[in-house]
Amino acid sequence: MGVVNVTPDSFSDGGRFLDPKAAIAQAESLAGEGADILDIGAESTRPYGGAMPVSLAEERQRLDPVLRPVVALGVPVSIDTIKAEVAAWALEAGAAIVNDVWGLQRDPDMARVVAAHGAPIVIMHNRDAADPAIDIIRDVTEFFSRSLEIAWSAGIHRHRIVLDPGIGFGKTPEQSIACIARLHAFAAFGLPLLVGASRKRFINTITPSEPMQRLGGSLAAHLLAVEHGAAIVRAHDVAPTVQALAVAAAIRRAR
Ligand code: HH2
């Protein structure tokens, strides 16, 4: 899954793709590099806090010139939003997947919209604040159970659900690392798992580095995430990720 941020304030590339032409060109590059899904977001989720909340109108306005041209590239598009209205509009404009970083637990209308469109949904774990004292694997598991209740009550089919532990969201760096190390704990749900470790801050705590200097750490995290059962990884740097995953897969096959 390649990341296209149409935002002024994303933590690693804020402002680079706010111009619609730059965003479309970025989506085209990522598709050419082998992204199987393009994830478009117009509101920074700022995993570490400090995001500027975006109004519905502003989010729509940022997406409006970008979404249809990106859909036209022919790669399935996921819409990274926590607003049901944005999700509904994007699905009508051709987006294929909803990526909700609050796992159907923020906007009470999100599950209905997803069910009505028969769309696949990425349910991501989140918390308002990190708490180093909690058992994060248990917290994520309980969150997923609540989200799945909401999904099933709304009539979302289980074949259309992907679970994501939300690396960096309401977690200490150690808890983010634990979520990748113990990813198999979430396999019990029997659903595909997504991991988005790209450029995230836990990498900085291991090897101090600015977001744009975290490619090596992102690749290491994604390779191990796949080794531990991830079906999808969410990456800003698609070409190196595709190469790393292909080499790892070839070595695994030859074992
Ligand atoms: N991470 C970010 C945003 N959306 N969605 C899922 N499912 N999983 C993630 O780990 C995830 C996500 C944060 O990264 P980015 O989009 O680069 O930053 P920002 O939210 O600041 O735009």
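Reading the values: rules and limits
- The numbers attached to residues start from 1 for each chain and follow its sequence in the written order.
- For a predicted model such as this one, the threshold for reporting local features is a pLDDT of at least 70, and the threshold for listing and counting side-chain atom pairs is 80 or more; totals across whole chains, interfaces and linings nevertheless cover every residue.
- Each side-chain value is worked out from all heavy atoms of the structure, with water and hydrogens disregarded.
- Within this scheme a cavity is a closed region of a 1 Å grid, computed over the protein atoms alone, that accommodates a 1.4 Å probe without allowing it to escape, whereas a pocket is open but has protein on both sides within 12 Å along at least five of seven lines; lining residues each have an atom within 4 Å of a point.
- Grid points are joined across faces, edges and corners, and a volume is the space filled by probe spheres set on the points.
- When residue character is reported, Ala, Val, Leu, Ile, Met, Phe, Trp, Tyr, Cys and Pro are called nonpolar, Asp, Glu, Lys and Arg charged, and the others, Gly included, polar.
- Note on conventions: DSSP H or I runs of at least 4 residues are helices, E runs of at least 2 residues are strands, and numbering of each starts at the N terminus.
- Axis angles are defined between N-to-C directions and span 0 to 180 degrees, where every axis is a line fitted to C-alpha atoms and, for a helix, only to the segment in contact.
- Reported orientations rely on four angle classes, namely roughly parallel under 35 degrees, roughly antiparallel over 145, roughly perpendicular from 65 to 115, and oblique for the rest.
- We call a crossing left-handed when the near helix sits turned anticlockwise from the far one by less than a right angle, and right-handed when that turn is clockwise.
- Here, residues are in contact when the closest pair of their heavy atoms is within 4.5 Å.
- Definition of nonpolar core: a set of buried residues of the types Ala, Val, Leu, Ile, Met, Phe, Trp, Tyr and Cys, connected through side-chain atoms within 4.5 Å.
- We call a residue buried when its accessible area falls under 20% of the maximum for its residue type, exposed when it is over 50%, and partly exposed in between, using a 1.4 Å probe and counting protein chains only.

1. Points about the layout of surface pockets
Argument step 1. Of the voids in this model, the largest pocket is the one considered here, and its volume is about 400 Å³.
Argument step 2. Across the lining of the largest pocket, the residue classes tally to nine nonpolar, eight polar and eight charged.
Argument step 3. Here the second largest pocket is characterised by a volume of approximately 270 Å³.
Argument step 4. Elements that contribute at least two residues to the lining of the second largest pocket include exactly strand E8 (230-233) and helix H9 (238-254).
Argument step 5. Element by element, the count of residues in the lining of the second largest pocket is highest for H9, at five residues.
Argument step 6. Taken together, the residues of the lining of the second largest pocket break down into 12 nonpolar, three polar and one charged.

2. Topic: empty space enclosed by the protein
A water-sized probe rolled over the atoms picks out the places where empty space is left.
Argument step 1. Tallied over the full model, the rule gives two cavities of 30 Å³ or more.
Argument step 2. If you add up the space inside the largest cavity, you get close to 240 Å³.
Argument step 3. Contributing to the lining of the largest cavity are 24 residues, with Thr-45, Asp-80, Phe-169, Lys-200 and Arg-234 lying nearest its centre.
Argument step 4. Residues belonging to the lining of the largest cavity are distributed by class as follows: six nonpolar, 11 polar and seven charged.

3. Remarks on the packing of helix H1 (residues 20-32) against helix H2 (residues 56-71)
Argument step 1. Following both chains from N to C, one finds H1 and H2 inclined at 25 degrees, their axes separated by 9 Å at the closest point. Comparing the axis directions of H1 and H2 gives the class roughly parallel. Considering the relative orientation of H1 and H2, their crossing is right-handed. Across the interface between the two elements, Pro-20, Ala-23, Ile-24 and Ala-27 of H1 pack against Pro-65, Val-66, Pro-69 and Val-70 of H2.

4. Details of the nonpolar core
Nonpolar side chains in soluble globular proteins tend to end up buried together.
Argument step 1. In terms of nonpolar packing, the biggest core is built from 62 residues, with Ile-40, Ile-161 and Leu-163 touching the most fellow members.
Argument step 2. In this structure, Ile-40 is in contact with Val-4, Val-6, Leu-63, Val-66, Leu-67, Val-70, Val-77, Ser-78, Ile-79 and Asp-80, ignoring residues within four places of it in sequence.

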